[in-house]
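Residues per chain, in single letters:
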Amino acid sequence: MTVTRVAVIGGGRNCEHDVSLASATAVADALERAGHQAVRLTIDPAGAWRDRAGDPIGLAAAVGALGSCAVAFPVLHGPHGEDGTLAALCDLAGVPCVGSPLGAGALAMDKWVTKLVAGALGIATAPGRLLTRTDTYTFTHPVVVKPVAAGSSRGVTLVRHAARLGPALDAAFGYDDRVLVEDLVTGREIDVAVLGRPDGSRVVAPALEIVVPADAIFDHAAKYSGEPDFRVPAALDDAARDRLAEAAVRMYDALGCAGVARVDFFLTARGPVLNEVNTMPGLTAQSQVPRMFAASGMPFEALLDLLVRDAVPS
Ligand SMILES: Nc1ncnc2c1ncn2[C@@H]1O[C@H](COP(=O)(O)OP(=O)(O)O)[C@@H](O)[C@H]1O
Ligand SMILES: [Mg+2]
C-alpha cells in the first residue's frame, strides 16, 4: 500500500474543543496503525496553531506543515472548523482535504439553513422559530431551545414550563447570536452515516439508535459522562430503514457533502424527522459513525484509510 502523509488537525476555538481532541487523537493513531504517517496539528482554544509537542507555530508555519502533506484531515467539530473554515484554508493552500468542502460545512453547521434545505426537499423537521437577542417569544407548549450553530448539546435545553424559557434562552445565546426554538419531537433518535465515494456512489452504514430516557434529551452529560446507550444496527423495519437512508442521502447531496457525514433523525409515528447533519461527526472508535461502519464489517482503520485515499486526487 501507499503510505500517505496526513495532516490531522484537532482542537479548535469552540465549545467542542476537547471532544475534537479525542477524535483527532483517535484518527491519527488509527491512521498510523493503518500504515500512514500522521502530522498532528492542534488549534488551541484561543485559536493558535500548535505542533505535536504543543508549541505554538503560527498560521504561516501551520500552512507550511499542511503543504508538506498529501492530504489534510480536519477533525474539528463546531464553529471555526466543521463550519467549512478549515476546508477553505486547505482549498486556498492547495492541499486536498478529507470531508466536506466549505459550502457543505457552512450550510450544515447552520441548523436554521439545514431546516430550510430539508423543507425544500420535502423532508420533515421540527417546526421552529429563529430568534435574535432582540426578539420576544411567548411560551405556549414544550420546546427545545438551542444555538443555531454549536454542538455536543452545548446550550441545548428541553423546556416544558414557561419559567424555564428565560434561562434556556440565556444558555443558548451564550453560544450563538441566533437561537432556535423548536417544537419538542417525540420519537426514537436514529443516526444514519453516509459515505460519499469519488465515483458518486453513496454508502449508507447500518443505522444506530440512541436510547434516550423518556422525558430527556441526549444532553452533554449523557453524551460524554458515562456510556451512552447505542444500539447498532437499530431495530428498524425495511420501510423505515429505506426512508431514513433515502432522506439521509438526499440531505448529504443537497448540502454538497463529501467524505462521511452523520445525518440525525427522530423516527416518529409519522415517519422520519430530520434533526441535524454533522459534516465532521465524532470519530473516536466509540463514536456513532465508527460504530456504524464496524457493524457493516468495516473496522475503524479501514474507514479512515478509505477517507484518506478517496480525498487524494487520483
Ligand atoms: N426538536 C427537538 N425535539 C426533541 N429533542 C430534541 C430536539 N432538538 C434537539 N433535541 C435533543 O437534543 C439533542 C441535541 O440537540 P442537537 O440539535 O442535536 O444539537 P447538537 O448539535 O449539540 O448535537 C438531540 O440529540 C436530541 O436528544
Ligand atoms: Mg446532535
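Everything quoted here is computed from the prediction, not taken from an experiment.

So, the pairing of strand β9 (residues 188–196)
Side-chain direction in a regular strand flips from residue to residue, so the side chains alternate between the two faces of the sheet. Most of β9 sits out of view: eight of its nine residues are buried. For β9 and strand β13 (residues 260–268), the ladder comprises eight bridges, and the chain directions are antiparallel. Among the inter-strand pairings, V192 is bridged to a residue of β13, identified as V263. Bridging between β9 and strand β11 (residues 208–210) involves three bridges; their strand directions are antiparallel.

A short note on helix α10 (residues 300–311)
An ideal rise of 1.5 Å per residue puts 16 Å on twelve residues; α10 measures up with 17 Å between its terminal C-alpha atoms. Every buried residue belonging to α10 is among F300, L303, L304, D305, L306, L307, V308 and A311, and all of these are buried. On its buried face, α10 sits against β1 (5–11), α1 (17–33), β4 (71–74), β9, β13 and α9 (288–295).

A few points about the site of ligand 1
Not every one of the 19 residues close to ligand 1 is listed here, only the nearest: K111, K146, S153, E182 and E189. One of the side-chain N or O atoms of N275 is found 2.9 Å from an oxygen atom in ligand 1. Out of a free accessible area of 540 Å², ligand 1 has 96% covered by protein chains. Going through the elements one at a time, β6 (143–147), β8 (179–183) and β14 (271–278) are the ones with two or more residues in the shell around ligand 1. Classifying every residue of the shell around ligand 1 by side-chain character gives eight nonpolar, four polar and seven charged.

Quick notes on the domain arrangement of the protein
What the domain assignment lists for the protein is domain 1 (5–98) and domain 2 (128–183). Summarising the inter-unit geometry, the C-alpha centres of domain 1 and domain 2 are found 31 Å apart. Listed per partner, the contact involves four residues of domain 1 and six residues of domain 2. Where domain 1 abuts domain 2, roughly 370 Å² becomes buried across the two surfaces, and 57% of that area is made up of carbon and sulfur atoms. Interface area lost by domain 1 to domain 2 is led by C15, E16 and P79, which between them contribute 91%. The interface formed by domain 1 and domain 2 includes zero salt bridges. The interface formed by domain 1 and domain 2 contains one residue pair in polar contact (both at pLDDT 80 or more). Split by residue class, the side of domain 1 that touches domain 2 holds three nonpolar, no polar and one charged.

Description of the pattern of salt bridges
Per the stated rule, a full pass over the model turns up 18 salt bridges. R202 is the salt-bridge partner of D253, the closest N and O atoms lying 2.8 Å from each other. Note that D253 is positioned in helix α8 (residues 238–255) and R202 in strand β10 (residues 202–204), a separation of 51 residues in sequence. The class of R202 is partly exposed, set by a relative accessible area of 29%. Close ionic contact of R309 with D305 constitutes a salt bridge, the shortest N to O distance being 2.9 Å. Taken together, the residues R309 and D305, both in helix α10 and four residues apart, mark about one turn of the helix. The class for R309 is partly exposed, based on a relative accessible area of 49%. Linked through salt bridges whose partners overlap, the residues forming this network are D29, E32 and R40.

Re the pairing of β14
Burial analysis of β14 places eight of its eight residues in the buried class, the great majority of the element. The pairing of β13 with β14 spans seven bridges and is classified as antiparallel. Within the sheet, the bridge partner assigned to T268 lies in β14 and is G271. Counted along the chain from β13 to the antiparallel partner β14, the turn is two residues long.

Focus: the UniProt feature "domain: ATP-grasp" (unreviewed entry) in the protein
With numbering matched to this structure, UniProt assigns "domain: ATP-grasp" (unreviewed entry) to residues 115–309. Helix makes up 29% of residues 115–309 and strand 26%, with an end-to-end C-alpha separation of 32 Å.

Let's talk about the sheet that holds strand β3 (residues 49–50)
Across the sheet, four strands lie side by side as β3-β2-β1-β4; this open sheet has mixed pairing. Each edge of the sheet is formed by a strand with only one pairing partner; in this case those strands are β3 and β4. As paired elements, β1 and β4 share four bridges and run parallel to each other. Bridging across to β4, A7 finds its partner in A72. Against the sheet, α1 engages β1, β2 (37–43) and β4, with an angle of about 160° to β1.

Let's talk about the UniProt feature "binding site: Mg(2+) 1" (unreviewed entry) in the protein
UniProt's entry tags D264 and E276 with the feature "binding site: Mg(2+) 1" (unreviewed entry), counted in the numbering of this structure. Within the element layout of this structure, D264 appears in strand β13. Its relative accessible area of 5% is what places D264 among the buried residues. The contact partners of D264, leaving out residues within four places of it in the chain, are I190, D191, V273, L274, N275, E276 and N278. In terms of polar contacts, D264 uses its side chain to reach the side chain of R262, at 2.7 Å. Structurally, E276 is set in strand β14. Excluding its chain neighbours within four sequence positions, the residues that come into contact with E276 are K111, R262, V263 and D264.

Cut-offs used in this document
Residues numbered from 1 in each chain as written. Chains lettered and ligands numbered in written order. Predicted model: local features only at pLDDT ≥ 70, side-chain atom pairs only at ≥ 80, totals over all residues. Heavy atoms only, no water. Buried < 20%, exposed > 50% of the residue type's maximum accessible area, 1.4 Å probe, protein only. Helix = DSSP H or I, 4+ residues; strand = E, 2+ residues; numbered from the N terminus. Pairing = 2+ DSSP bridges. Expected span 1.5 Å × (residues − 1). Contact = heavy atoms within 4.5 Å. Near = heavy atom within 4 Å. Polar contact = N/O pair within 3.5 Å; in protein donor to acceptor, adjacent residues only side chain to side chain. Areas by Shrake-Rupley, 256 points an atom, 1.4 Å probe, with all protein chains shown as cover. Nonpolar A, V, L, I, M, F, W, Y, C, P; charged D, E, K, R; others polar. Domains from an automatic or database assignment. Buried area = accessible area lost by both parts, 1.4 Å probe. Salt bridge = Lys/Arg side-chain N within 4 Å of Asp/Glu carboxyl O. UniProt positions renumbered as here; feature names shortened; annotations may be inferred. Axes fitted to C-alpha atoms, helices over the stretch in contact; angles between N-to-C directions.

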